[in-house]
Amino acid sequence: MIALVALSLVAIGAALLVAALVPVRKLVAQLPAGSVRQRWQALRALIVLFVLGYVGYAIAFWRVQAVLADLIVPLVFFGGGCFVWLIAQLSLRTATDMMRVSVLEREVLTDPLTAAFNRRYLERRLGEEVARARRYGFALSVFMIDIDHFKQVNDRFGHQVGDRVLVGTAGIVTEMLRISDMLTRYGGEEFIVVAPHTDLAGATQLAERVRERMEGHDFGWFGAPEAGRSIGITVSAGVAALSEGVDDAQKLIAQADRNLYLAKQRGRNRVVADV
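Scope of this entry: the structure provided in the associated data block. Quick caveat, the model's predicted, so the values are computed rather than measured. Residue positions within a chain follow its written sequence, with the count starting from 1. Where local features are concerned, this predicted model is filtered to residues with pLDDT of at least 70; where side-chain atom pairs are given and counted, the filter is 80 or more; whole-chain, interface and lining totals use all residues. Side-chain metrics in this entry use all non-hydrogen atoms of the structure; hydrogen atoms and water are not considered.

### A word on a nonpolar patch on the surface
Grouping into patches uses exposed residues only, defined as over 30% relative accessible area, and leaves out salt-bridged ones; the cut-off is 9 Å for like charges and 5 Å for nonpolar side chains (Val, Leu, Ile, Met, Phe, Trp, Tyr). Each accessible area is a Shrake-Rupley estimate made with a 1.4 Å probe; only the visible protein chains count as cover when residues are assessed. Salt bridge, as used here, is a side-chain nitrogen of Lys or Arg placed within 4 Å of a carboxyl oxygen of Asp or Glu. Where nonpolar side chains cluster on the molecular surface, the patch consists of Leu 43, Leu 46, Val 48, Leu 49, Phe 50 and Leu 52 and spans about 540 Å² of accessible area. The buried label goes to any residue with under 20% of its type's maximum accessible area, the exposed label to any with over 50%, and the partly exposed label to all in between, with areas taken from a 1.4 Å probe on protein chains only. Judged by relative accessible area, Phe 50 falls into the partly exposed class, the value being 44%.

Pasting the structure below:
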């Protein structure tokens, strides 16, 4: 009787280990390539070795247990199986929940069309960058980009083409930014770039490169009836940098907006960084 109980405990423990391989496999599939994924793969191999060990023990000690004290090792095996299975289930659930939260946060903080950050995140991030720049004496600049004559694009080619132009613009600007920079869709056809550790001259140069890239980019023609034609897009930009007179997030944006207005007044397709 004791031998049968011992065998049952070991068998259940082994079954739980095998069951733990399922959530571990799902967890490994969700992880990106890297050291963390490799460690979970190593854990999966260890679980397989444990299963083999359980089977080996059951074969080697079949009918050896005669007294209650002999159940200690089978109980440990059973507890080990329970522990590994529970940890695997909790790890998978935690990873899934964290990914879901990350996706939801991304959806809340980004523009659904262009995938750039939205104004809500801009207000939070820019406030943090201003506080950091003022505290440590770092340079901080922003520039506001506006697509020239965007209403004409929508009126002439339709809003679907306009949406593609917006997406293309966001993609072009993103490619030209550093990891520390941030692109935000401020509204309509306006975008704001936050450039930490960048003075007014550096931000102006970056905005000018963006302007040149946009001017030289062929957006193609998205309408079949007039295939072969292309859409030329230009942008205007207003640049502002943190200074004594422009010392908070609202003033930075307001100054960039004023300079953008001057760029429009001066003929568009240009960058203005007047102080």
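### Describing the nonpolar core
We call a set of buried residues a nonpolar core when its members are Ala, Val, Leu, Ile, Met, Phe, Trp, Tyr or Cys and they connect through side-chain atoms within 4.5 Å of each other. Judged by nonpolar contacts, the single largest core of 29 residues is most densely connected at Phe 143, Ile 145, Ile 147, Val 165, Leu 183 and Ile 233. By the criteria applied, helices consist of DSSP H or I runs no shorter than four residues and strands consist of E runs no shorter than two, each listed in order from the N terminus. Within the residue set of this core, elements represented by two or more residues are strand S1 (140-147), helix H5 (150-157), helix H6 (159-176), strand S3 (190-196), helix H7 (200-216) and strand S4 (235-241). Note on contacts: a residue pair qualifies if any of its non-hydrogen atoms lie within 4.5 Å across the two residues. Once residues within four sequence positions are removed from consideration, Val 165 is found in contact with Ile 147, Phe 150, Val 153, Phe 219 and Ile 233.

### So, the pattern of salt bridges
Overall, the coordinates contain twelve salt bridges when judged by the stated rule. Among the salt bridges present, the one from Asp 146 reaches Lys 264, with a minimum N-O distance of 2.4 Å. A residue pair is termed long-range when its members are at least 10 positions apart, and Asp 146 in strand S1 and Lys 264 in helix H8 (residues 249-265) qualify at 118 residues. Grouping residues by exposure puts Asp 146 and Lys 264 together as buried. Counted as one network, the salt bridges with shared partners bring together Arg 125, Glu 129 and Arg 132.

### Focus: the environment of Ile 72
Tracing the sequence through the fold places Ile 72 in helix H3 (residues 72-109). Between the C-alpha atom of Ile 72 and that of Ala 6, which follows or precedes it by 66 residues, the distance is 8.8 Å.

### Describing H5
Turning to H5, its buried residues number three or more, namely Phe 150, Val 153, Asn 154 and Phe 157. In a view along the axis of H5, the buried residues occupy a sector of 100°, so they form one face of it. Away from the buried face of H5 by more than 90 degrees, exposed residues Lys 151, Gln 152, Asp 155 and Arg 156 are located. Just past H5, the residue Gly 158 takes up positive phi, approximately 100°. Arc, as used here, means the arc of the directions from the helix axis to the C-beta atoms.

### Concerning the sheet that holds S1
As summarised here, the arrangement of the five strands in space is S2-S3-S1-S4-S5, forming an open sheet in which the pairing is mixed. The two strands at the open ends of the sheet, each matched to only one other strand, are strand S2 (182-187) and strand S5 (271-272). Pairing between two strands is assigned when DSSP locates at least 2 bridges connecting them. Where S2 and S3 come together, five bridges link them in antiparallel fashion. Across the sheet, the residue bridging to Thr 184 is Ile 192, located in S3.

### Digging into the pairing of S1
Burial within S1 is extensive, with eight of its eight residues counted as buried. Neither face of S1 is exposed, since Leu 140, Val 142, Met 144 and Asp 146 on one face and Ser 141, Phe 143, Ile 145 and Ile 147 on the opposite face are all buried. In terms of strand pairing, S1 meets S3 through seven bridges, oriented antiparallel. Paired with Met 144 across the strands is Ile 192, a residue of S3.

### Focus on the pairing of S4
Counted residue by residue, S4 has seven buried out of seven residues, so it is predominantly covered. Both faces of S4 are covered, namely the face carrying Val 235, Ala 237, Val 239 and Ala 241 and the face carrying Ser 236, Gly 238 and Ala 240. As paired strands, S1 and S4 are joined by seven bridges and run antiparallel to one another. When the bridges of S4 are listed, Ser 141 appears paired with Ala 241. In the sheet, S4 pairs with S5 via two bridges, with the strands oriented parallel. From the neighbouring strand, Ala 237 faces S5, where its bridge partner is Val 271.

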